[in-house]
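# Report on the structure
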Protein chains: 2
Amino acid sequence: MIPVRILGTASVLPGPAVTTAELCARVGRDAAEVERKTGIRTRHFAPPGTKASDVAAAALRGALEAAGVEAKALRRILCVTSMGGDVTTPATANRVAAALGLAGSCDAMDLGNACMGFLSAFDLAARSVATGLGPVGIVSVELLSRTTTPEDPRPYLVLGDAAAAAVLGTARPAEGVLGVALGNDGTLPTDVVLENPHVTGKPERMRFLTPSREMTRVALDALLRAARSVLDGAGVALRDVEWVLTHQPNGSMLGAILGAMDVPPERSVRVVDTVGSVGSASLGTGLDRLLRTRPVKPGDRILMVGVGAGVAHGAVLYRVGG
Amino acid sequence: MIPVRILGTASVLPGPAVTTAELCARVGRDAAEVERKTGIRTRHFAPPGTKASDVAAAALRGALEAAGVEAKALRRILCVTSMGGDVTTPATANRVAAALGLAGSCDAMDLGNACMGFLSAFDLAARSVATGLGPVGIVSVELLSRTTTPEDPRPYLVLGDAAAAAVLGTARPAEGVLGVALGNDGTLPTDVVLENPHVTGKPERMRFLTPSREMTRVALDALLRAARSVLDGAGVALRDVEWVLTHQPNGSMLGAILGAMDVPPERSVRVVDTVGSVGSASLGTGLDRLLRTRPVKPGDRILMVGVGAGVAHGAVLYRVGG
């Protein structure tokens, strides 16, 4: 076990909710059909000029408040993004730290692993805390509306903006990560890509390269293997896991995951219907909703499973302390 | 101490060496004066079409060979870059893993913290190994020639392309990180910036925003505080540290750092004169040169100090095992 405690979480949805009906009107699609296929009724688009670092800082500030921890106590900030943050260099995390009023009291770095970035950061933060460097703040911030255009409706109709944060610190007895299985398989066909304009020399948009059905099949396969690996390693049966959180790129994939794992909806948390597909912020938003709205009690196990472009995949099994 | 062993290192300079004289001829500057001011005689520019993931994979392959470790033994790959890698999403690290023939046997993620990224990754890799996840491969890859143009000679005349890698694994007795002090201070004026084209909607270049003298003063101050913090924490005097490696943005800053620390040149390794300013790959290239060309022996201490845009700063003190 990696001893670590989730001290607090928070999530932020920047800007007003935008309905699927509004977007469908713009691109000439049938709203009822799109809602049925995507499971998404609303998402949030940050107003023009919104800075990723400000949205991330708001989420991290909320997680610090929930934790009862002062920002200056933080020893590390990991800022996760799939769209490169405010600037390519320096780290957007550097600006998040400054927005929290910090001036060198912790380090700060950016991390990217597509939609798996939150779990990657969670693992790195847990290992930092377990080796004496904590508390650590992790925050996923995605302003994915910056990467879409109505001319390419498939990403435009599902992607949204969000940030989700967690503060991890010293564990109480029998608390922490019971098991972790993370992997990246770049030999699979590229499913989602956002090219780097510093390389291509032109503006780029998020592009979905494979049909939904194929994406779901590959994602589901990777995710189920990761979950099985973690559960087998920890000697825990899935039926004994109280809470299962999954990456939620759309409603049908969420349904497919929970169906394949035979997890009833009341043991999970659905966020995609109101927040849309929010990349690496999806799992963090689900974790925040779980801890704020459900009767999570000491001893409960939380299984977080995810999959992302790459294909990145993995699972983390966490046991709640007293 | 964080128990960890540097199992092997490697560095790669993609493409032919380009002399300062050649570049000065293009921009109408006096080569002798530029060489004197920058301390840079040559740097390497990767040929058009070169992929960051291929250069990174070559460096990591070299480090694995030096370590006598098979790629499939890796449990994690951290790919560091200041220019966003091959693609913004998925992680370039994902492609590095694939280039090494891996298909899900380890996880892989991108990390950015300007020129401090290598030390950030070194710390995260050490903590991963110390908590049971290893070996870990870290690789800094910078194709900074992609971010410059002759129209802005200051970055154009110093930045170069390079990759440097290290494989970290299980420590031998009394081996590992004796101390670490890393910090980011985003309240200082922004010195170097590469805007994110996904945000600005147009191509961007690396820009130096403050005068060299001011950059050197701020960098030196941050770096010396970090070194002092690590040495004091570990109870080691600087005169007893056998090897001192520094980030090398240019020859004069290298000279200023070694001068301020009173470290004679034979206890350090100069790389900037032939590789140029290679961002996060600078410290890794120095580490590789040190371990390949100098009489480093068991018990030796290596102090790595760095500074980068943000301002990011820090130091790591490592003790070589038997």
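Residues numbered from 1 in each chain as written. Chains lettered and ligands numbered in written order. Predicted model: local features only at pLDDT ≥ 70, side-chain atom pairs only at ≥ 80, totals over all residues. Heavy atoms only, no water.

## Notes on the interface of chain A and chain B
Put simply, the rule is: Contacts are residue-level and defined by heavy atoms, with any inter-residue pair within 4.5 Å sufficient. Throughout, the accessible surface (probe 1.4 Å) given up by two parts as they are put together, summed over both, is called the buried area. Counted as salt bridges are all cases of a side-chain nitrogen of Lys or Arg within 4 Å of a carboxyl oxygen of Asp or Glu. The numbering of helices and of strands both runs from the N terminus, where a helix is a DSSP run of H or I of at least 4 residues and a strand a run of E of at least 2. Amino acids outside the nonpolar list (Ala, Val, Leu, Ile, Met, Phe, Trp, Tyr, Cys, Pro) and the charged list (Asp, Glu, Lys, Arg) are all regarded as polar, and Gly is one of them.
Taken together, the 59 residues of chain A in the interface contact 59 residues of chain B. Interface area, chain A with chain B, both sides summed: about 4700 Å², of which 55% is carbon and sulfur. Where chain A meets chain B, there are 2 salt bridges. Elements with a minimum of two residues in the side of chain A that touches chain B: strand E6 (87-89), helix H4 (92-99), strand E7 (107-112), helix H5 (117-130), strand E10 (176-184), strand E11 (192-195), helix H7 (197-200) and strand E15 (312-319) of chain A. The class makeup of the residues in the side of chain A that touches chain B is 25 nonpolar, 23 polar and 11 charged.

## A short note on the environment of A:Gln248
Residues and elements named next belong to chain A. For the record, the criterion: Contacts described as polar in this section are N or O atom pairs within 3.5 Å, which, within protein, must combine one atom able to donate a hydrogen with one able to accept it, while residues neighboring in sequence count only if both atoms come from side chains.
Following the sequence through the fold, Gln248 ends up in the loop between strand E13 (243-246) and helix H9 (251-261). Along the chain, Gln248 and Ser280 lie 32 residues apart, while their C-alpha atoms are 9.7 Å from each other. Apart from the residues within four sequence positions on either side, Gln248 is in contact with Leu254, Val269, Arg270, Val271, Val272, Gly276, Ser277 and Ser282. Among the polar contacts made by the side chain of Gln248, one reaches the main-chain carbonyl oxygen of Val269 at a distance of 2.7 Å. A distance of 2.9 Å separates a polar atom in the side chain of Gln248 from the backbone nitrogen of Val271.

## Structural notes on the sheet that holds strand E11 (residues 192-195) of chain B
Just so we agree on the cut-off: The criterion for strand pairing is that DSSP finds at least two bridges linking the strands in question.
Here 3 strands make up an open sheet; going across it, the order is E6(A)-E11(B)-E12(B) and the pairing antiparallel. Two strands close off the open sheet at either side, each with one partner strand: E6 of chain A together with strand E12 (207-208) of chain B. Relative to E12(B), E11(B) is paired through 2 bridges, and the arrangement is antiparallel. Among the inter-strand pairings, B:Val193 is bridged to a residue of E12(B), identified as B:Arg207.

## A closer look at the domain arrangement of chain A
Residue and element names in this part refer to chain A. For clarity, the cut-off: Just so you know, the domain bounds were taken from an automatic or database domain assignment.
By domain assignment, chain A separates into domain 1 (5-169) and domain 2 (176-319). Here the C-alpha centre of domain 2 lies 16 Å away from the C-alpha centre of domain 1. The interface of domain 1 with domain 2 comprises 50 residues on the first partner and 49 residues on the second. Taken together, the two surfaces of domain 1 and domain 2 that pack against each other cover about 3700 Å², and 62% of this comes from carbon and sulfur. Applying the counting criterion to the domain 1 and domain 2 interface returns 1 salt bridge. A salt bridge links Arg41 to Asp273, with the shortest nitrogen-to-oxygen separation between them at 3.7 Å. Remark: the boundary between domain 1 and domain 2 carries 19 residue pairs in polar contact (both at pLDDT 80 or more). Of all elements in the fold, only strand E2 (5-12), helix H2 (31-38), strand E4 (42-44), helix H3 (52-67), H5, strand E8 (136-143), helix H6 (153-156) and strand E9 (161-169) reach the threshold of two or more residues within the side of domain 1 that touches domain 2. Looking at the side of domain 1 that touches domain 2 element by element, the count peaks at 8 residues for H5.

## What to know about the relation of the copies chain A and chain B
Two copies of the chain are present, and they differ by a rotation about an axis and a shift along that axis. Note the threshold: Superposing the copies works by least squares over the C-alpha atoms of residues that have pLDDT at least 70 in both of them.
Overlay of chain A on chain B (RMSD 0.0 Å): rotation 180°, translation along the axis 0.0 Å. The symmetry that links the two subunits is that of a two-fold axis. Closest to the rotation axis within chain A is the C-alpha of A:Leu111, separated from it by 2.3 Å. When the interface residues of chain A are mapped onto chain B, 100% of them again fall at the interface, so both copies present the same face.

## Here's the deal with the packing of aromatic side chains
All names here are of chain A. Our working definition: Centres within 6.5 Å make a pair out of two Phe, Tyr or Trp rings, where for Trp the six-membered ring is used; the pair is then stacked when the planes are under 30 degrees apart, edge-to-face when over 60, and tilted otherwise. Residue burial is assigned from relative accessible area. The probe radius is 1.4 Å, only protein chains are included, and a residue is buried under 20% of its type maximum, exposed over 50%, and partly exposed in between.
In this structure the tally under the stated criterion is 4 aromatic pairs over all chains. Ring plane angle 90° and centroid distance 6.3 Å describe the contact between Phe122 and Tyr318, whose orientation is recorded as edge-to-face. Separated by 196 residues along the polypeptide, Phe122 in helix H5 and Tyr318 in strand E15 bring together distant segments of the chain. The burial state of Phe122 is the same as that of Tyr318; both residues are buried.

## Examining the confidence of the model for chain A
Applied cut-off: Along the chain, pLDDT gives the predictor's confidence residue by residue, from 0 to 100.
Of all residues in chain A, 100% attain a pLDDT of 70 or more, and the chain-wide mean is 96. Across the predicted assembly, pTM comes out at 0.98 and ipTM at 0.98.

## Overview of the pairing of strand E5 (residues 76-80) of chain A
Residues and elements named next belong to chain A. Counting buried positions along E5 gives 5 out of 5 residues, so the element sits mostly inside the fold. Of the strand pairs in this sheet, E5 and E7 are connected by 5 bridges, and their pairing is parallel. Looking at the pairing, Cys79 lines up with Asp110 of E7.

## Describing helix H3 (residues 52-67) of chain B
Residue and element names in this part refer to chain B. What counts, and what does not: By this rule, a helix spans an expected 1.5 Å times one less than how many residues it contains.
The first and last C-alpha atoms of H3 sit 22 Å apart over 16 residues, in line with the 22 Å expected at 1.5 Å per residue. Residues Ala52, Ser53, Val55, Ala56, Ala57, Ala59, Leu60, Gly62, Ala63, Leu64 and Ala67 constitute the buried set of H3. Just past H3, the residue Gly68 takes up positive phi, approximately 70°.

## Let's talk about empty space enclosed by the protein
Stated formally: Of the two site types, the cavity is a set of points on a 1 Å grid over the protein atoms alone where a 1.4 Å probe fits but cannot get out, and the pocket is an open set with protein on both sides within 12 Å along at least five of seven lines, each lined by residues with an atom within 4 Å of a point. Grid points are joined across faces, edges and corners, and a volume is the space filled by probe spheres set on the points.
Tallying each qualifying case throughout the model produces 2 cavities of 30 Å³ or more. Approximately 380 Å³ is the volume attributed to the largest cavity. Of all the elements in the fold, those that place two or more residues in the lining of the largest cavity are E6, E7 and H7 of chain A together with strand E6 (87-89), strand E7 (107-112) and helix H7 (197-200) of chain B. Residue classes in the lining of the largest cavity are distributed as 14 nonpolar, 18 polar and 2 charged. One number sums up the size of the second largest cavity: a volume of about 50 Å³. Lining the second largest cavity are A:Leu188, A:Pro189, A:Asp191, A:Thr210, A:Glu214, A:Met215, A:Val218 and A:Val311. Its residues placed into classes, the lining of the second largest cavity shows 5 nonpolar, 1 polar and 2 charged.

## Some remarks on unusual backbone geometry
Omega for the bond connecting A:Gly134 with A:Pro135 falls within 30 degrees of zero, at 0°, which places this linkage in the cis form. Turning to its location among the elements, A:Pro135 is positioned in the loop between H5 and E8. Here A:Ala174, not a glycine, exhibits a phi torsion of approximately 60°, which is positive. Looking at the secondary structure, you find A:Ala174 in the loop between E9 and E10. Residue A:Ala174 is classed as partly exposed on the basis of its relative accessible area of 43%. Positioned with a positive phi, B:Asp262 is a non-glycine residue whose angle comes to about 60°. Assignment of secondary structure puts B:Asp262 in the loop between helix H9 (251-261) and helix H10 (272-275). Using a relative accessible area of 65% as the deciding quantity, one classes B:Asp262 as exposed.

## Remarks on the packing of helix H1 (residues 20-27) of chain A against H2(A)
The relative placement of two packed helices comes down to the angle between their axes together with the axis-to-axis distance. Residues and elements named next belong to chain A. Rule in force here: Here an angle of 0 to 180 degrees is reported between the N-to-C directions of two axes, which are lines fitted to C-alpha atoms, with helices fitted over the stretch in contact. Roughly parallel here means an angle under 35 degrees, roughly antiparallel means over 145, roughly perpendicular means 65 to 115, and every remaining angle is called oblique. Each crossing gets its hand from how the near helix is turned against the far one by less than a right angle, where anticlockwise is left-handed and clockwise is right-handed.
Taken N-terminus to C-terminus, the directions of H1 and H2 make an angle of 120°; their axes are 9 Å apart at the nearest point. In this view, H1 runs oblique relative to H2, as classed from their interaxial angle. H1 and H2 meet at a crossing whose hand is right-handed. For the pair formed by H1 and H2, the contact residues are Thr20, Ala21 and Cys24 on the first element and Ala31, Val34 and Glu35 on the second. Grouping the amino acids of the contact of H1 with H2 by side-chain chemistry returns 4 nonpolar, 1 polar and 1 charged.

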